[in-house]
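Spelled out from the first residue to the last, the chains are:
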Amino acid sequence: MKPVLNAGEFVVGLDIGGTKMMACVFDHKFKIIGRCRKKSKSGKDEKPEDRIEKIVREAITDAGEVPIRGIGVGSPGPLDPGTGVIIDTPNLGWKKFPLGQVLSDAFGVHVAVDNDVNLGTLGEWVFGKVKDCKNVVGLFPGTGIGGGIIVDGKLYHGASGSAGEVGHMTLEIDGPYCGCGKRGCFEALASRVAIASQIAALAARDDAPYILRNCGTDLGKIRSGVIAKAIDNGDKMVEGVVRKAAFYTGVAAANLINVLSPEALVLGGGLVEAMPNIYMEEVTTALKQHTMPFLLKFVRVMPAKLGDDAVAMGAAALIADRLNQK
Ligand SMILES: [Zn+2]
């Protein structure tokens, strides 16, 4: 994919996350010229779609009221990327919600919708360090664990439209229960929530002194940044928990490499950004143990480059590409 906009054309990239929502206005060189970012939680009388519309309008105002040609949207799924219908997102209370149509009606432009982590992967592919590759896997361990798969230069959606649920690969058949109801999912073993609950237990029995002093045993406060600080301050057992989760991340990556043989595997998300060295070390060890040696020679494993902007940038690339096809 080589998304192209002509001089004087602008698009919006919208990232609808579980904790924050962000809209960015891009110029024809895909430079961000306006931005609006707010917490996802809306007020009592505000529908999420109204909040989203407001965020897009504020980003356009921030960009100097430029005329926009289209909106690309990264939303939590499952969703239908063909129609822009969100099938079910408990967080936002949407069921069979025609998000693409709603935004298209509100702004009078074309709208393209895809899964947020798919677009994070697309952003890293189009604008990051793996431009030259045709087969790319993105893995983003954070509060949950998401991923995206690009095969032969295209996002892979599968029969359902929702392929790429890497967080729900089974890594331990008798492992802990996952939010999805199954046992032993990658996400149940290695997401920030999984790590934080183990660390909270350590803090409760005084085995994580830095965490106990700074967060108590409050899961919500044990976020990636403070976990990294606890390790820097010598909380050894906290480091052990993170290393185990990072190793599982490597096992998941090895499974994906064995099946898909990508040229690049991009590792991003809050945990990797906060503790890149631990993650790269453990992932490298796990890959050596669990990847077919012949396949390992063909893949580059690298940290993501775009950080918080990856989804919005991928969304901008998606809508630009869609406009070119029209
Ligand atoms: Zn699961």
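This one's a predicted model, so the numbers in the text were calculated from it and none came from an experiment. Here the residue numbers are simple positions, counted from 1 along each chain's written sequence. With pLDDT at 70 or above as the cut-off, local features in this predicted model cover only qualifying residues; side-chain atom pairs require 80 or more to be listed or tallied, and sums for whole chains, interfaces and linings still use all residues. Hydrogen atoms and water are omitted, and side-chain values are computed over all heavy atoms in the structure.

A.B. asks: An account of the overall build of the protein is requested, with residue identities and associated values reported.
C.D. replies: For the protein, the count of helices and strands is 12 helices and 13 strands. The C-alpha radius of gyration of the protein comes to 20 Å, within 12% of the 20 Å expected for a compact globule of 326 residues. In terms of its C-alpha atoms, the protein occupies a principal-axis envelope of roughly 55 × 50 × 35 Å. For this analysis, residues touch if any pair of their heavy atoms sits within 4.5 Å. The contacts in the protein between residues at least 6 apart in sequence include a share of 62% that link residues at least 24 apart. Residues scored as positive are Lys and Arg, those scored as negative are Asp and Glu, and His as well as the terminal groups of each chain are ignored. A charged residue contributes its charge at one atom only: NZ of Lys, CZ of Arg, CG of Asp or CD of Glu. The protein carries 38 positive and 36 negative side-chain charges, and their two centres are separated by 2 Å. By the criteria applied, helices consist of DSSP H or I runs no shorter than four residues and strands consist of E runs no shorter than two, each listed in order from the N terminus. The size measure is the radius of gyration over C-alpha atoms, and the globule rule it meets is 2.2 Å times the number of residues to the 0.38 power.

A.B. asks: Pulling in residues and values, what's your account of the nonpolar core?
C.D. replies: What makes a nonpolar core is a set of buried Ala, Val, Leu, Ile, Met, Phe, Trp, Tyr and Cys residues whose side-chain atoms join them at distances within 4.5 Å. Here's how the labels work: a residue is buried when its accessible area is under 20% of the maximum for its type, exposed when over 50%, partly exposed in between, all with a 1.4 Å probe on protein chains only. Membership of the largest hydrophobic core comes to 49 residues, with the highest contact counts inside it found for Ile195, Ile211, Ile227, Val238, Met275 and Tyr279. No other element matches the 12 residues that helix H8 (residues 236-260) contributes to this core. In this structure, Met275 is in contact with Ser224, Ile227, Ala228, Ile231 and Val242, ignoring residues within four places of it in sequence. Ranked by size, the runner-up nonpolar core spans 32 residues in total, among them Cys24, Ala312, Ala316 and Ile319.

A.B. asks: So what's going on with the packing of aromatic side chains? Which residues, and what values?
C.D. replies: Note on aromatic contacts: the rings of Phe and Tyr and the six-membered ring of Trp form a pair at centre separations within 6.5 Å, being stacked when their planes are under 30 degrees apart, edge-to-face when over 60 apart, and tilted otherwise. Scanning the entire structure with this criterion turns up three aromatic pairs. Consider the rings of Phe30 and Phe127, whose centres lie 5.3 Å apart with planes at 50°: the pair is tilted. Of this pair, Phe30 sits in the loop between strand S2 (20-26) and strand S3 (32-39) while Phe127 sits in helix H3 (residues 116-127), placing them 97 residues apart in sequence. As far as burial versus exposure is concerned, Phe30 and Phe127 are alike and both buried. When the ring of Trp94 is compared with that of Phe97, the centres are 4.8 Å apart and the planes differ by 10°; the resulting orientation is stacked. Comparing Trp94 with Phe97, the two get one shared label, buried.

A.B. asks: Any chance you could break down the side chain of Thr249 for me, citing the residues and the numbers?
C.D. replies: Looking at the element boundaries, Thr249 is found in helix H8. Once residues lying within four places of it in the same chain are set aside, the contact partners of Thr249 are Leu139, Pro141, Phe186, Ala190, Leu267, Tyr279 and Val283.

A.B. asks: Any details on the pattern of salt bridges? Residues and values, ideally.
C.D. replies: A pair is scored as a salt bridge if a Lys or Arg side-chain nitrogen falls within 4 Å of a carboxyl oxygen belonging to Asp or Glu. Within this structure, the stated rule accounts for 15 salt bridges. Ionic pairing is found between Asp308 and Arg37, a salt bridge with its closest N-O pair at 3.2 Å. Of the two residues, Asp308 sits in the loop between strand S13 (300-303) and helix H12 (310-325) while Arg37 sits in strand S3, which places them 271 residues apart along the sequence. We classify Asp308 as partly exposed; its relative accessible area is 42%. Among the salt bridges present, the one from Glu46 reaches Lys54, with a minimum N-O distance of 3.0 Å. Via salt bridges that share partners, Lys236, Glu239, Arg243, Glu281 and Glu282 belong to a single interconnected network.

A.B. asks: Tell me about the coordination of the zinc ion, and please be specific about residues and values.
C.D. replies: Metal-coordinating donors are taken as N, O and S atoms lying within 2.8 Å of the metal, or within 3.2 Å when the metal is Na, K or Ca; because water is left out, some sites can appear incomplete. Protein-derived ligands of the zinc ion are His168 (ND1), Cys178 (SG), Cys180 (SG) and Cys185 (SG), with the metal-ligand distances lying across 2.0 to 2.3 Å. The motif formed by the donor residues of the zinc ion, counted along the single chain, is H-x9-C-x1-C-x4-C. Exposure remark for Cys178: the relative accessible area of 9% places this residue in the buried category.

A.B. asks: Which residues make up unusual backbone geometry, and what values go with them?
C.D. replies: Geometrically, the link from Gly77 to Pro78 is a cis peptide bond, its omega value of 0° lying close to zero. Topologically, Pro78 is positioned in the loop between strand S4 (70-75) and strand S5 (79-80). In this structure, Asp152 is a non-glycine residue whose phi angle is positive, near 50°. According to the relative accessible area criterion, Asp152 is exposed, its value standing at 56%.

A.B. asks: A description of the packing of H3 against H12 should follow, citing residues and the corresponding values.
C.D. replies: At a minimum axis separation of 7 Å, H3 and H12 run at an interaxial angle of 80°. Here H3 is positioned roughly perpendicular relative to H12, judged by the angle of their axes. Contacts between H3 and H12 pair Asp116, Leu119, Gly120, Leu122, Gly123, Glu124, Val126 and Phe127 from the former with Ala310, Val311, Met313, Gly314, Ala315, Ala317 and Leu318 from the latter. Of the residues belonging to the contact of H3 with H12, the class tally is 10 nonpolar, three polar and two charged. Axis lines are fitted through C-alpha atoms, for helices just across the contact stretch, and the angle between N-to-C directions can take any value from 0 to 180 degrees. Under this scheme an angle from 65 to 115 degrees is roughly perpendicular, one under 35 degrees roughly parallel, and one over 145 degrees roughly antiparallel; angles in between are oblique. Nonpolar residues are Ala, Val, Leu, Ile, Met, Phe, Trp, Tyr, Cys and Pro. Charged residues are Asp, Glu, Lys and Arg, and all others, Gly as well, are polar.

A.B. asks: Give me the lowdown on the sheet that holds S5, citing residues and values where you can.
C.D. replies: Within a sheet, adjacent strands bond to each other through the backbone by hydrogen bonds, running parallel or antiparallel. Paired strands, in this sense, are two strands between which DSSP finds at least two bridges. Reading across the sheet, the three strands line up as S5-S6-S7 and stay open at both edges, with antiparallel pairing between neighbours. Lying at the two open borders of the sheet, with one neighbouring strand each, are S5 and strand S7 (94-97). Where strand S6 (residues 85-89) and S7 come together, three bridges link them in antiparallel fashion. Counterpart to Asp88 in the pairing with S7 is Lys95.

A.B. asks: Which residues make up the sheet that holds S4, and what values go with them?
C.D. replies: Spatially, five strands are ordered S3-S2-S1-S4-S8 in an open sheet, and the strand pairing comes out mixed. The open sheet has two edge strands, S3 and strand S8 (110-115), and neither has a second partner. Strand after strand, the sheet turns through a mean of 15° between neighbouring axes, direction not considered. Relative to S2, strand S1 (residues 11-16) is paired through six bridges, and the arrangement is antiparallel.

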